[in-house]
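Structural characterization, general
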Amino acid sequence: MRFNRFAHLNRSRGFTLIELILVIFIMALLTAMTTPMLFQFVKTTKVQQTVKAISTSLYRARTEAMRTRKMVGVYFGEDPTSCKTPPLPGVLPSKGRIEVWTVRDSYDSGDFQNEGGCMGSTTPYNLPFDGANWYPYRHPDRCLTPEPISYPDGVRILAGKFSNNATAPKYVFGWPKDYMATAEGEIKRHNITFASTGAMAMPIDGVNSWWNLLIFDEQTGEYTLLSCGEWLTSARPRVLNFQLSGLYGPSGTYYPLTNKLDIPKLVEQ
(Lines give C-alpha, C1' and ligand atoms only; values in the text may rest on other atoms or scores of the structure.)
Protein backbone atom coordinates (compact mmCIF):
# COMPACT_ATOMS: atom_id res chain seq x y z
CA MET A 1 0.00 0.00 0.00
CA ARG A 2 1.46 3.26 -1.13
CA PHE A 3 1.17 6.36 1.01
CA ASN A 4 -0.07 9.50 -0.76
CA ARG A 5 1.72 12.39 0.88
CA PHE A 6 -0.56 14.88 -0.93
CA ALA A 7 -3.85 13.37 0.27
CA HIS A 8 -4.31 16.02 2.94
CA LEU A 9 -4.33 18.74 0.25
CA ASN A 10 -7.52 17.34 -1.31
CA ARG A 11 -9.54 17.88 1.81
CA SER A 12 -11.83 21.01 1.90
CA ARG A 13 -11.09 23.48 4.63
CA GLY A 14 -14.14 25.14 6.33
CA PHE A 15 -14.59 28.77 7.32
CA THR A 16 -13.39 29.95 10.64
CA LEU A 17 -15.73 32.02 12.79
CA ILE A 18 -13.62 35.12 12.22
CA GLU A 19 -13.78 34.69 8.42
CA LEU A 20 -17.55 34.24 8.54
CA ILE A 21 -18.01 37.39 10.64
CA LEU A 22 -15.77 39.30 8.21
CA VAL A 23 -17.84 38.19 5.21
CA ILE A 24 -21.11 39.21 6.93
CA PHE A 25 -19.61 42.60 7.82
CA ILE A 26 -18.57 43.24 4.20
CA MET A 27 -22.03 42.26 2.90
CA ALA A 28 -23.71 44.57 5.41
CA LEU A 29 -21.37 47.41 4.45
CA LEU A 30 -22.09 46.99 0.72
CA THR A 31 -25.84 46.88 1.39
CA ALA A 32 -25.67 50.10 3.40
CA MET A 33 -23.73 51.81 0.60
CA THR A 34 -26.11 50.75 -2.20
CA THR A 35 -29.43 51.39 -0.40
CA PRO A 36 -29.42 55.19 -1.04
CA MET A 37 -28.64 54.56 -4.70
CA LEU A 38 -31.49 52.05 -4.93
CA PHE A 39 -33.88 54.50 -3.24
CA GLN A 40 -32.93 57.23 -5.73
CA PHE A 41 -33.55 54.80 -8.60
CA VAL A 42 -37.02 53.99 -7.27
CA LYS A 43 -37.87 57.72 -7.06
CA THR A 44 -36.89 58.44 -10.64
CA THR A 45 -38.49 55.25 -11.89
CA LYS A 46 -41.97 56.67 -11.11
CA VAL A 47 -41.32 59.49 -13.57
CA GLN A 48 -39.76 57.10 -16.10
CA GLN A 49 -42.78 54.79 -15.89
CA THR A 50 -45.05 57.77 -16.52
CA VAL A 51 -43.02 58.78 -19.58
CA LYS A 52 -43.46 55.26 -20.99
CA ALA A 53 -47.24 55.39 -20.39
CA ILE A 54 -47.43 58.80 -22.07
CA SER A 55 -45.36 57.64 -25.06
CA THR A 56 -47.74 54.71 -25.56
CA SER A 57 -50.73 57.05 -25.44
CA LEU A 58 -49.20 59.55 -27.86
CA TYR A 59 -48.31 56.82 -30.33
CA ARG A 60 -51.88 55.53 -30.28
CA ALA A 61 -53.30 59.04 -30.72
CA ARG A 62 -50.98 59.95 -33.59
CA THR A 63 -51.68 56.68 -35.42
CA GLU A 64 -55.46 57.08 -35.06
CA ALA A 65 -55.33 60.70 -36.23
CA MET A 66 -53.59 59.67 -39.44
CA ARG A 67 -55.85 56.64 -39.96
CA THR A 68 -59.16 58.44 -39.51
CA ARG A 69 -58.05 61.93 -40.61
CA LYS A 70 -59.58 63.36 -37.44
CA MET A 71 -58.32 65.48 -34.58
CA VAL A 72 -57.31 63.27 -31.64
CA GLY A 73 -56.76 64.46 -28.09
CA VAL A 74 -54.80 62.91 -25.22
CA TYR A 75 -56.18 63.86 -21.79
CA PHE A 76 -54.06 63.55 -18.66
CA GLY A 77 -55.88 62.87 -15.40
CA GLU A 78 -55.86 65.32 -12.52
CA ASP A 79 -57.15 65.82 -9.00
CA PRO A 80 -59.08 69.12 -9.24
CA THR A 81 -57.92 70.10 -5.76
CA SER A 82 -54.32 70.18 -7.05
CA CYS A 83 -55.11 73.08 -9.40
CA LYS A 84 -55.38 76.73 -8.46
CA THR A 85 -58.31 76.93 -10.89
CA PRO A 86 -60.33 73.68 -10.88
CA PRO A 87 -60.84 72.30 -14.41
CA LEU A 88 -64.22 72.16 -16.09
CA PRO A 89 -66.00 69.08 -14.65
CA GLY A 90 -66.57 65.96 -16.72
CA VAL A 91 -63.73 66.34 -19.22
CA LEU A 92 -60.51 65.12 -17.63
CA PRO A 93 -60.01 61.55 -16.39
CA SER A 94 -59.26 60.93 -12.74
CA LYS A 95 -55.70 61.38 -11.51
CA GLY A 96 -53.45 58.49 -12.46
CA ARG A 97 -55.28 57.85 -15.75
CA ILE A 98 -54.65 58.82 -19.39
CA GLU A 99 -57.39 58.76 -22.02
CA VAL A 100 -57.22 59.12 -25.82
CA TRP A 101 -60.26 60.47 -27.70
CA THR A 102 -61.17 61.64 -31.14
CA VAL A 103 -62.50 65.14 -30.52
CA ARG A 104 -65.35 67.14 -32.01
CA ASP A 105 -64.36 70.12 -34.11
CA SER A 106 -66.12 72.82 -36.07
CA TYR A 107 -65.28 71.43 -39.51
CA ASP A 108 -66.54 67.97 -38.68
CA SER A 109 -69.77 69.26 -37.11
CA GLY A 110 -70.51 71.97 -39.69
CA ASP A 111 -70.52 74.57 -36.91
CA PHE A 112 -69.00 77.24 -39.17
CA GLN A 113 -70.70 80.21 -37.52
CA ASN A 114 -68.63 79.79 -34.33
CA GLU A 115 -65.23 79.13 -35.84
CA GLY A 116 -63.68 82.43 -34.88
CA GLY A 117 -63.24 83.44 -38.50
CA CYS A 118 -61.43 80.23 -39.58
CA MET A 119 -63.95 79.03 -42.16
CA GLY A 120 -63.46 75.36 -43.01
CA SER A 121 -60.69 74.72 -40.49
CA THR A 122 -60.71 72.05 -37.79
CA THR A 123 -60.98 74.48 -34.88
CA PRO A 124 -62.50 73.34 -31.57
CA TYR A 125 -66.22 72.68 -31.53
CA ASN A 126 -68.26 75.63 -30.19
CA LEU A 127 -65.29 77.98 -30.38
CA PRO A 128 -66.53 81.52 -29.60
CA PHE A 129 -66.37 83.93 -32.51
CA ASP A 130 -63.73 85.94 -30.67
CA GLY A 131 -62.05 82.85 -29.23
CA ALA A 132 -58.36 83.22 -28.38
CA ASN A 133 -55.75 80.58 -29.15
CA TRP A 134 -55.87 79.25 -25.61
CA TYR A 135 -59.26 77.63 -26.25
CA PRO A 136 -58.89 73.84 -25.80
CA TYR A 137 -60.39 70.82 -27.53
CA ARG A 138 -62.73 69.84 -24.72
CA HIS A 139 -65.52 67.92 -26.50
CA PRO A 140 -64.56 64.22 -26.70
CA ASP A 141 -66.13 62.20 -29.52
CA ARG A 142 -65.00 58.54 -29.39
CA CYS A 143 -62.87 56.87 -26.72
CA LEU A 144 -59.85 55.02 -28.08
CA THR A 145 -58.69 53.69 -24.72
CA PRO A 146 -61.45 51.49 -23.24
CA GLU A 147 -58.70 49.70 -21.33
CA PRO A 148 -57.09 51.89 -18.64
CA ILE A 149 -53.73 53.59 -19.23
CA SER A 150 -52.36 54.47 -15.81
CA TYR A 151 -49.31 56.07 -14.27
CA PRO A 152 -47.89 55.98 -10.70
CA ASP A 153 -49.34 57.82 -7.72
CA GLY A 154 -47.75 61.13 -6.81
CA VAL A 155 -46.89 62.13 -10.38
CA ARG A 156 -48.42 65.11 -12.23
CA ILE A 157 -48.50 65.74 -15.98
CA LEU A 158 -48.90 69.29 -17.31
CA ALA A 159 -48.96 70.47 -20.92
CA GLY A 160 -47.32 73.80 -21.65
CA LYS A 161 -44.71 75.69 -23.63
CA PHE A 162 -40.98 74.97 -23.41
CA SER A 163 -38.63 77.74 -24.56
CA ASN A 164 -34.93 77.40 -25.30
CA ASN A 165 -34.01 81.08 -25.27
CA ALA A 166 -30.81 82.56 -26.68
CA THR A 167 -30.37 84.64 -23.53
CA ALA A 168 -31.13 84.06 -19.87
CA PRO A 169 -33.38 82.64 -18.63
CA LYS A 170 -32.44 79.95 -21.11
CA TYR A 171 -34.62 76.91 -20.41
CA VAL A 172 -38.16 77.83 -19.37
CA PHE A 173 -41.42 75.90 -19.14
CA GLY A 174 -44.85 77.31 -18.41
CA TRP A 175 -47.78 79.31 -19.71
CA PRO A 176 -47.48 82.62 -21.59
CA LYS A 177 -49.36 85.71 -20.49
CA ASP A 178 -52.11 85.22 -23.08
CA TYR A 179 -53.13 81.98 -21.37
CA MET A 180 -56.52 82.19 -19.67
CA ALA A 181 -56.45 80.65 -16.18
CA THR A 182 -60.09 79.57 -16.27
CA ALA A 183 -61.93 76.29 -15.70
CA GLU A 184 -61.86 75.74 -19.46
CA GLY A 185 -58.29 76.93 -19.81
CA GLU A 186 -57.23 74.39 -17.19
CA ILE A 187 -58.31 71.65 -19.60
CA LYS A 188 -55.65 72.91 -22.00
CA ARG A 189 -52.95 72.34 -19.37
CA HIS A 190 -53.96 68.66 -19.35
CA ASN A 191 -54.47 68.01 -23.05
CA ILE A 192 -52.35 67.42 -26.14
CA THR A 193 -54.07 67.41 -29.55
CA PHE A 194 -52.90 65.85 -32.82
CA ALA A 195 -54.07 67.20 -36.17
CA SER A 196 -55.45 64.84 -38.82
CA THR A 197 -51.95 64.56 -40.34
CA GLY A 198 -50.48 63.15 -37.13
CA ALA A 199 -48.59 66.41 -36.52
CA MET A 200 -49.21 68.75 -33.61
CA ALA A 201 -52.09 71.25 -33.93
CA MET A 202 -51.19 74.38 -35.89
CA PRO A 203 -52.67 77.89 -36.49
CA ILE A 204 -55.19 76.48 -38.96
CA ASP A 205 -56.40 74.35 -36.05
CA GLY A 206 -56.60 77.37 -33.77
CA VAL A 207 -53.21 76.70 -32.08
CA ASN A 208 -55.17 74.88 -29.44
CA SER A 209 -52.52 72.48 -28.24
CA TRP A 210 -49.18 72.87 -26.56
CA TRP A 211 -46.56 70.41 -27.68
CA ASN A 212 -44.53 69.87 -24.52
CA LEU A 213 -45.17 68.13 -21.22
CA LEU A 214 -43.69 68.56 -17.77
CA ILE A 215 -43.84 65.29 -15.79
CA PHE A 216 -42.82 65.60 -12.15
CA ASP A 217 -42.94 63.78 -8.82
CA GLU A 218 -44.85 65.88 -6.29
CA GLN A 219 -42.80 64.65 -3.35
CA THR A 220 -39.25 64.67 -4.72
CA GLY A 221 -39.42 67.28 -7.49
CA GLU A 222 -37.83 64.85 -9.98
CA TYR A 223 -38.98 65.87 -13.46
CA THR A 224 -38.73 65.16 -17.17
CA LEU A 225 -39.55 67.39 -20.14
CA LEU A 226 -41.18 65.65 -23.10
CA SER A 227 -41.74 66.90 -26.64
CA CYS A 228 -44.89 65.24 -28.01
CA GLY A 229 -44.30 65.85 -31.72
CA GLU A 230 -43.58 68.34 -34.49
CA TRP A 231 -45.67 70.77 -36.53
CA LEU A 232 -44.53 69.86 -40.05
CA THR A 233 -44.80 66.10 -39.87
CA SER A 234 -45.64 63.13 -37.71
CA ALA A 235 -42.84 62.49 -35.21
CA ARG A 236 -42.20 60.34 -32.18
CA PRO A 237 -42.19 61.87 -28.68
CA ARG A 238 -38.72 62.59 -27.29
CA VAL A 239 -37.26 63.50 -23.94
CA LEU A 240 -35.77 67.00 -23.75
CA ASN A 241 -32.56 66.71 -21.75
CA PHE A 242 -32.51 70.21 -20.29
CA GLN A 243 -32.39 71.51 -16.73
CA LEU A 244 -35.05 74.16 -16.24
CA SER A 245 -33.90 77.70 -15.41
CA GLY A 246 -37.37 78.80 -14.40
CA LEU A 247 -41.13 78.46 -14.74
CA TYR A 248 -43.98 80.68 -15.85
CA GLY A 249 -46.99 80.04 -13.63
CA PRO A 250 -50.53 80.12 -15.04
CA SER A 251 -50.72 83.75 -13.90
CA GLY A 252 -47.99 84.58 -16.45
CA THR A 253 -45.44 85.45 -13.74
CA TYR A 254 -41.87 84.19 -14.17
CA TYR A 255 -40.19 82.38 -11.27
CA PRO A 256 -36.51 81.32 -11.27
CA LEU A 257 -36.16 77.65 -10.38
CA THR A 258 -33.49 77.27 -7.70
CA ASN A 259 -34.82 74.06 -6.18
CA LYS A 260 -36.73 71.34 -8.01
CA LEU A 261 -38.81 70.82 -4.86
CA ASP A 262 -40.48 74.16 -5.70
CA ILE A 263 -42.00 72.86 -8.95
CA PRO A 264 -45.35 71.66 -7.46
CA LYS A 265 -45.86 75.13 -5.95
CA LEU A 266 -44.69 77.24 -8.89
CA VAL A 267 -46.87 75.51 -11.50
CA GLU A 268 -49.94 76.84 -9.65
CA GLN A 269 -48.81 80.44 -9.05
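Bear in mind that the values here come from a model prediction, so they are computed numbers and not experimental data.

**A closer look at the overall build of the protein**
A tally of regular secondary structure across the protein gives four helices and 12 strands. Pairs at least 24 residues apart make up 63% of the contacts formed inside the protein by residues separated by at least 6 positions. Carbon and sulfur atoms make up 59% of the accessible area of the protein, which totals about 14,700 Å².

**As for the packing of aromatic side chains**
Under the defined criterion, the tally for this structure stands at six aromatic pairs. Between Phe 162 and Phe 242, the aromatic rings sit 5.4 Å apart at their centres with planes inclined by 25 degrees, giving stacked as the arrangement. In this pair, Phe 162 is assigned in strand 5 (residues 155-164) and Phe 242 in the loop between strand 10 (238-240) and strand 11 (246-248), connecting sequence segments 80 residues apart. For Phe 242, a relative accessible area of 26% puts it in the partly exposed group. Following the ring pairs from residue to residue traces out a cluster consisting of Phe 162, Tyr 171 and Phe 242.

**Remarks on the pairing of strand 8 (residues 212-217)**
In terms of burial, strand 8 is largely enclosed, as six of its six residues are buried. A two-sided burial pattern is seen for strand 8, the buried positions comprising Asn 212, Leu 214 and Phe 216 on one face and Leu 213, Ile 215 and Asp 217 on the other. Judged from the six bridges that link them, strand 5 and strand 8 form a sheet pairing that is antiparallel. Looking at strand 8, one finds that Gly 160 is bridged to Asn 212. Across five bridges, the pairing between strand 8 and strand 9 (residues 223-227) is antiparallel. The residue bridging Leu 214 from the neighbouring strand is Leu 225, located in strand 9. The antiparallel pairing of strand 8 with strand 9 creates a hairpin that spans five residues between the two strands, and Gly 221 there sits at a positive phi of about 80 degrees.

**Description of unusual backbone geometry**
Apart from glycine, the bulk of residues carry a negative phi angle, and the bulk of peptide bonds sit in the trans form. Cis geometry marks the peptide bond from Ala 168 to Pro 169; its omega dihedral reads -5 degrees. For Pro 169, the location among the structural elements is in the loop between strand 5 and strand 6 (171-174). The residue Arg 69 is not glycine, and still its phi comes out positive at about 60 degrees. Mapped onto the elements, Arg 69 comes out in the loop between helix 1 (17-68) and strand 1 (72-76). One non-glycine residue, Asn 126, lies in positive phi territory at about 65 degrees. Within the secondary structure, Asn 126 sits in the loop between helix 2 (106-109) and strand 3 (140-143).

**Considerations on the sheet that holds strand 9**
The strand order across the open sheet built from seven strands is 10-9-8-5-6-11-12, with neighbouring strands paired in mixed fashion. Two strands in the sheet have a free side with no partner beyond their single neighbour: strand 10 and strand 12 (254-256). Going from strand to strand, the sheet's axes swing by 35 degrees on average, the running direction of each strand aside.

**Points about the side chain of Asn 212**
Here Asn 212 shows up in strand 8. Accessibility expressed as a relative area gives 12% for Asn 212, which makes it buried. Among the polar contacts listed, one links the side chain of Asn 212 to the backbone nitrogen of Phe 162, at a separation of 3.3 Å. Dropping the residues within four chain positions of it, Asn 212 is found in contact with Leu 158, Ala 159, Gly 160, Lys 161, Phe 162, Phe 173, Ile 192, Leu 226, Ser 227 and Leu 240.

**Focus on a nonpolar patch on the surface**
Nonpolar side chains collect at one region of the surface, where Leu 22, Phe 25, Ile 26, Leu 29 and Leu 30 lie side by side and expose about 500 Å² of accessible area between them. Inspection of the secondary structure assignment puts Leu 29 in helix 1. Since its relative accessible area comes to 43%, Leu 29 is described here as partly exposed.

**What about the nonpolar core?**
Within the largest apolar cluster, 25 residues are counted, with the highest numbers of intra-cluster contacts made by Ile 54, Ile 98, Ile 192, Leu 213 and Ile 215. Those elements that place two or more of their residues in this core are helix 1, strand 1, strand 2 (97-103), strand 5, strand 7 (191-194) and strand 8. For this core, the element with the most residues is helix 1, which contributes seven residues. In contact with Ile 54, other than residues within four places in its own chain, are Phe 76, Ile 98, Ile 157, Leu 213, Ile 215 and Leu 226. Formed by 17 residues, the second largest nonpolar core is a distinct cluster that contains Phe 162, Phe 173, Leu 257 and Val 267.

**Some points on the pattern of salt bridges**
Taken as a whole and assessed by the stated rule, the structure comprises 13 salt bridges. Here Arg 156 makes a salt bridge to Glu 78, at a shortest N to O gap of 2.7 Å. One end of the pair, Arg 156, is in strand 5; the other, Glu 78, is in the loop between strand 1 and strand 2, with 78 residues separating them in the sequence. You can call Glu 78 buried: its relative accessible area is 5%. Because the salt bridges share partners, they merge into one network encompassing Glu 78, Arg 156, Glu 186, Arg 189 and Glu 268.

Thresholds, definitions, all that
Residues numbered from 1 in each chain as written. Predicted model: local features only at pLDDT ≥ 70, side-chain atom pairs only at ≥ 80, totals over all residues. Heavy atoms only, no water. Helix = DSSP H or I, 4+ residues; strand = E, 2+ residues; numbered from the N terminus. Contact = heavy atoms within 4.5 Å. Areas by Shrake-Rupley, 256 points an atom, 1.4 Å probe, with all protein chains shown as cover. Phe/Tyr/Trp six-rings, centres within 6.5 Å; stacked < 30°, edge-to-face > 60°. Buried < 20%, exposed > 50% of the residue type's maximum accessible area, 1.4 Å probe, protein only. Pairing = 2+ DSSP bridges. Axes fitted to C-alpha atoms, helices over the stretch in contact; angles between N-to-C directions. Polar contact = N/O pair within 3.5 Å; in protein donor to acceptor, adjacent residues only side chain to side chain. Patch = residues over 30% accessible without salt bridge, like charges linked within 9 Å, V, L, I, M, F, W, Y side chains within 5 Å. Salt bridge = Lys/Arg side-chain N within 4 Å of Asp/Glu carboxyl O. Core = buried A, V, L, I, M, F, W, Y, C linked by side-chain atoms within 4.5 Å.

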